[in-house]
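Coordinate inspection notes
Each chain, written out:
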Amino acid sequence: MAREVDLSQYSFAGADAPALTDLRTLDSADKRRLLMAGVDVEESHRSGSFLHMDHGNAHCRSNHPGVEILDIKDALKKYDLSDYYWKLIDKDKDAYTKAAAENLHGGYFVRVKAGAKIEEPLQSCLFIKGEKVGQSVHNIVIVEEGAELHMITGCAVSRETQHGAHLGISEFYVKKDAKLTFTMIHNWGESVDVRPRSAGWVEEGGVYQNNYVLMKPVKDLQMYPTITLAGRGARARFNSVIVAPKGSYINSGSRVIMDAPDTRAEIIARTITTGGVIIAPGHIQANAVPARGHLECKGLILGKGVIHAIPELEGTLEGVELSHEAAVGKIAQEEIEYLMARGLDEEQATSTIVRGFLNVDIMGLPQALKDVIEETIAESEKDMF
Amino acid sequence: MLHIDDLHVSIGDKEVLKGINLKIEEGETFILFGPNGGGKTTLLMTLMGFSNYTVTKGRITFRGQDITHAPTYERARLGIGMSFQRPPTIHGLKTGHLVRMCAQEKPVDVEDLAARVNMTDFLERDVNAGFSGGEIKRSELLQLMAQGPGLVLFDEPESGVDLENMKLIGKTVRKLLDGDLEPKPGQSMKEQKSRRRTAGLIITHTGYILEYLNADRGQVMYGGHLCCEARPRDILEHVEQYGYQECVRCLSNGGKH
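Residues numbered from 1 in each chain as written. Chains lettered and ligands numbered in written order. Predicted model: local features only at pLDDT ≥ 70, side-chain atom pairs only at ≥ 80, totals over all residues. Heavy atoms only, no water.

Its boundaries defined by the atoms lining it, the largest pocket holds a volume of some 450 Å³. Around the largest pocket, the lining is made up of 22 residues, and of these A:Arg270, A:Lys298, A:Glu335, A:Phe357 and B:His91 lie nearest the centre. Secondary structure elements with two or more residues in the lining of the largest pocket: strand E19 (291–301), strand E21 (321–329) and helix H5 (346–357) of chain A together with strand E7 (90–94) of chain B. No other element matches the four residues that E7(B) contributes to the lining of the largest pocket. (1 Å grid on protein atoms, 1.4 Å probe; cavity = no way out; pocket = protein on both sides within 12 Å on 5 of 7 lines; lining within 4 Å. Points joined across faces, edges and corners; volume = space filled by probe spheres on them. Helix = DSSP H or I, 4+ residues; strand = E, 2+ residues; numbered from the N terminus.)

Okay, structure coming up:
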């Protein structure tokens, strides 16, 4: 099930693009690719921006005194990050973490000051424009005590890019009573291999929410971000909306380890295949009580394709409360006919039901973020049937 | 308005309707009685054109058009509306959004319609998700009010509904069929009434709905046949007293009452 990507076919050196200082300078096709990854090229209503292209230097801008954004390379020079850098992920975990450790092109370092509640989202954009470029980034996000941050990260390849690989190490630190909403929208291509490696650490009373949207083709993507709820009352929630067209091979899961009492975990995945393969694992492990976790994985097969849902619940103490709900099927004929009885033709009925299935209201996002995701879904839906 | 000629319908291999003839004129309310399994719901589902109901013989015309094999949405757009007894839940679709879609291109004040059936708080909820019996009926009525059909098919308006809701539902069904009857300057209520155009085909077991409606005609559906045409209240009284046994006897005499 775990497929390997041959990294030797990609070049991890030499594509030193100049710093991308203004997204508006990109051509309209690339702008559009970024838009579909949730990136606001005008950078309006953003508390800050991080832009990184190929192997180049990053452009960082903070519009808020409570947020610090640096290229990870600069952050490593400026600060002692030994408590944060490669702390949650093992360098030797697999070939991709090794390659990422050997080839550090950049990545963002984001720190929100204690108590700072950042209203507008911070946006990050990781972009591959060169052909056969292997891009390797390392990201660190630290939300200090009592602080709040919404981050949108859009990853995309240029329209000109046929082949590419993206390796991304991400480490998230949510301190006491802090809150991080991390929304990732991917817009890769039919010949792009993707291996994110993410982990997070949530302290007492902290909240980590991860939203993931993948509506566009990708050749091979595999990830399994793991969040550890380390402090009392910490919470984690993963929401994923994934569509796999023909040719996509997606193995995307989420894992929450509940190591403290009064913790809560939710993993919710909505997957649709229109010809591709989706492996959707999910794992909640509870090692403290009381702990409540729920895992929900629903899949629709529209026409052809494979959906393989693997929900795992692991309690190691008496008193844990874990549950799951998984279903793989098709759109119920009864629902289509119900809407047709109201005057919708079959296509309208089908797309209405699919829209409902992919509804992102469950993510509980602020309006601006919700709009971005809904636009992405509405746009992508045109290619879906 | 609706003409059904010698309609035979099968579900799978089983013939459920065995030669139905029925005419419903514009503005007329027709009540369908009969025991469970007699074919009442099958008739409604067939009129709406659902996929499991195969017409093996006969013809359905509506507003002069042969709709025997027309797709469901075409029937809806022609003016047939249906209230479902057990509609499916559609996750992620807001009730308010569906109501707007029911109106097709017509302008519609969803808030105002919702207020009339006490559904204001449900507009932001997913369609039928966790709705009680009464809430389902009110939601169905709300959708029908937006759709504005010329013929309403109503499968058991009273099922699963408490007494308080029954009153609201009964009155709303009446308004849907009669239009709003209020004293208006320049037009007598009698004139308004003569202009009512919505017809109804209503299935009832208990007959509670008859307390709210001016039902014109009624018939009993038994074993896939229609029989015993009479005034709906008379049929109800008769069935309450004698059950449907009399229909069996009647059918064995060729269905003539």
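Below, the discussion takes up the sheet that holds strand E10 (residues 199–203) of chain B. Residue and element names in this part refer to chain B. Strand order in the open sheet formed by six strands is E6-E9-E10-E3-E11-E12, with mixed pairing between adjacent strands. The open sheet has two free edges, formed respectively by strand E6 (80–83) and strand E12 (225–230), since each of these has just one partner strand. The sheet shows a mean angle of 20 degrees between the axes of neighbouring strands, taken without regard to direction. In this structure, strand E11 (residues 217–222) lies alongside E12, joined through four bridges in antiparallel fashion. Each bridged residue has a counterpart across the sheet, and for Val 220 the counterpart in E12 is Cys 227. In the packing of helix H5 (residues 133–147) onto the sheet, the strands contacted are E6 and strand E9 (151–155), and the crossing angle to E6 comes to about 170 degrees. Where helix H8 (residues 232–242) meets the sheet, it contacts strand E3 (29–33), E11 and E12, and its direction lies at approximately 40 degrees from that of E11. (Pairing = 2+ DSSP bridges. Axes fitted to C-alpha atoms, helices over the stretch in contact; angles between N-to-C directions. Contact = heavy atoms within 4.5 Å.)

Helical geometry: 3.6 residues make up each α-helical turn, so side chains three or four residues apart lie on a common side. Residue and element names in this part refer to chain B. Every buried residue of H8 is listed here: Pro 232, Ile 235, Leu 236 and Val 239. All buried residues of H8 lie within an arc of 100 degrees about the axis, which places them on one face of the element. Opposite the packed face of H8, turned more than 90 degrees from it, sit the exposed residues Glu 237 and Gln 241. Looking at the packing, one finds that the buried side of H8 touches E3, E11 and E12. One or two positions beyond H8, positive phi appears at Gly 243, with a value near 75 degrees. (Buried < 20%, exposed > 50% of the residue type's maximum accessible area, 1.4 Å probe, protein only. Arc of directions from axis to C-beta.)

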